[in-house]
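Analysis of the macromolecular model
Here's the letter readout for the chains.
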Amino acid sequence: AQSVSQHNHHVILSEAASLELGCNYSYGGTVNLFWYVQYPGQHLQLLLKYFSGDPLVKGIKGFEAEFIKSKFSFNLRKPSVQWSDTAEYFCAVNAGRGYNKLIFGAGTRLAVHP
Amino acid sequence: SAVISQKPSRDICQRGTSLTIQCQVDSQVTMMFWYRQQPGQSLTLIATANQGSEATYESGFVIDKFPISRPNLTFSTLTVSNMSPEDSSIYLCSVEPAINEQFFGPGTRLTVL
């Protein structure tokens, strides 16, 4: 069965620090990959997605993610975090199978201190 | 994009009762999804609801426990039946107005006593 692993459950950073959140998935076929973000009190929002092409994907708010097929990874990065990036981040995989089922990782809570 | 609303936003219920959660979207969509997020855990897909057909349930979820209606292209309901404290979760609906792009509702926070 497909699964998604997020290595860090809680991350605490100071403003301007660099961020990298790990995400690994287990599925041997073609996948679509997503990062979602949930800011405090808000809906889950799509941050970025990868379907094909350039493995380095740019998203909103300065986030990017790199798909490394050989490592089954899709890590999220931001060179300099802000206090407003405090949120929970979810990695998700869509492995098709006739309908678009999203399989989510456990999530990473990021707290950015000013 | 799509704007999704859910009702109620939260509820506290007694065990053995049922709660129906409504999901309304501002545009017509073919596919709607219901997810559960248990405390401290990630989102798990309960079922996919297409208008005009029966919902498709994921492993571990059954229609008797989570009946779903999808009367039109902008609305769906999920009922949590015969609730127990283990059903305490956030229940979210999502829609896919474009291929591989899901938008989520605000969720319904359910507490079962």
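In case you missed it, the structure is sitting above this.
This is a predicted model, so every value here is computed, not measured.

The rules we used
Residues numbered from 1 in each chain as written. Chains lettered and ligands numbered in written order. Predicted model: local features only at pLDDT ≥ 70, side-chain atom pairs only at ≥ 80, totals over all residues. Heavy atoms only, no water. Contact = heavy atoms within 4.5 Å. Salt bridge = Lys/Arg side-chain N within 4 Å of Asp/Glu carboxyl O. Polar contact = N/O pair within 3.5 Å; in protein donor to acceptor, adjacent residues only side chain to side chain. Helix = DSSP H or I, 4+ residues; strand = E, 2+ residues; numbered from the N terminus. Nonpolar A, V, L, I, M, F, W, Y, C, P; charged D, E, K, R; others polar. Buried < 20%, exposed > 50% of the residue type's maximum accessible area, 1.4 Å probe, protein only. Pairing = 2+ DSSP bridges. Disulfide = S-S within 2.5 Å.

**Brief notes about the interface of chain B and chain A**
With 18 residues of chain B at the interface, the matching set in chain A holds 18 residues. Summed over the shared surface of chain B and chain A, the number is 2 salt bridges. Where chain B meets chain A, there are 5 residue pairs in polar contact (both at pLDDT 80 or more). Only β4 (31-37), β5 (43-50) and β10 (101-104) of chain B provide two or more residues apiece to the side of chain B that touches chain A. Among the elements that line the side of chain B that touches chain A, the one with the most residues is β4 of chain B, at 4 residues. Broken down by class, the residue content of the side of chain B that touches chain A amounts to 9 nonpolar, 6 polar and 3 charged.

**A closer look at the pattern of salt bridges**
Summed over the entire model, instances satisfying the criterion amount to 8 salt bridges over all chains. Lys49 of chain A is paired through a salt bridge with Glu101 of chain B; the nearest N and O atoms lie 2.5 Å apart. Within this pair, whereas Lys49 of chain A is found in strand β6 (residues 44-50), its partner Glu101 of chain B is found in strand β10, the two belonging to separate chains. Residue Glu101 of chain B is classed as partly exposed on the basis of its relative accessible area, which comes to 21%. Residues Glu58 of chain B and Lys101 of chain A are paired through a salt bridge, measuring 2.8 Å at the closest nitrogen-oxygen approach. In this pair, Glu58 of chain B sits in the loop between β6 (56-57) and β7 (68-72) while Lys101 of chain A sits in the loop between β10 (87-94) and β11 (102-104), so the two residues belong to two different chains. No difference in accessibility class separates Glu58 of chain B from Lys101 of chain A, as the two residues are buried. When salt bridges with common partners are traced through the structure, they connect Lys58, Glu64, Glu66 and Arg77 of chain A into a single cluster.

**Comments concerning the pairing of strand β5 (residues 32-38) of chain A**
Residue and element names in this part refer to chain A. For β5, the tally of buried residues reaches 6 of 7 residues, placing the bulk of the element in the interior. Note that β5 and β10 share 7 bridges and pair antiparallel. Paired with Gln38 across the strands is Glu88, a residue of β10. Inspection of the sheet shows β5 paired to β6 by 6 bridges, in the antiparallel sense. Paired with Gln38 across the bridge in β6 is Leu44. Between β5 and β6, which pair antiparallel in sequence order, lie 5 residues; one of them, Gly41, sits at a positive phi of approximately 75 degrees.

**Observations regarding the state of the cysteines**
Residues and elements named next belong to chain A. In the structure shown here, the tally under the stated rule is 2 disulfides over all chains. Shown here is the disulfide that connects Cys23 with Cys91, its sulfur atoms set 1.9 Å apart. A torsion of -65 degrees about the S-S bond marks the disulfide between Cys23 and Cys91 as left-handed. Of the two residues, Cys23 is situated in strand β4 (residues 23-26) and Cys91 in strand β10; the sequence distance between them amounts to 68 residues.

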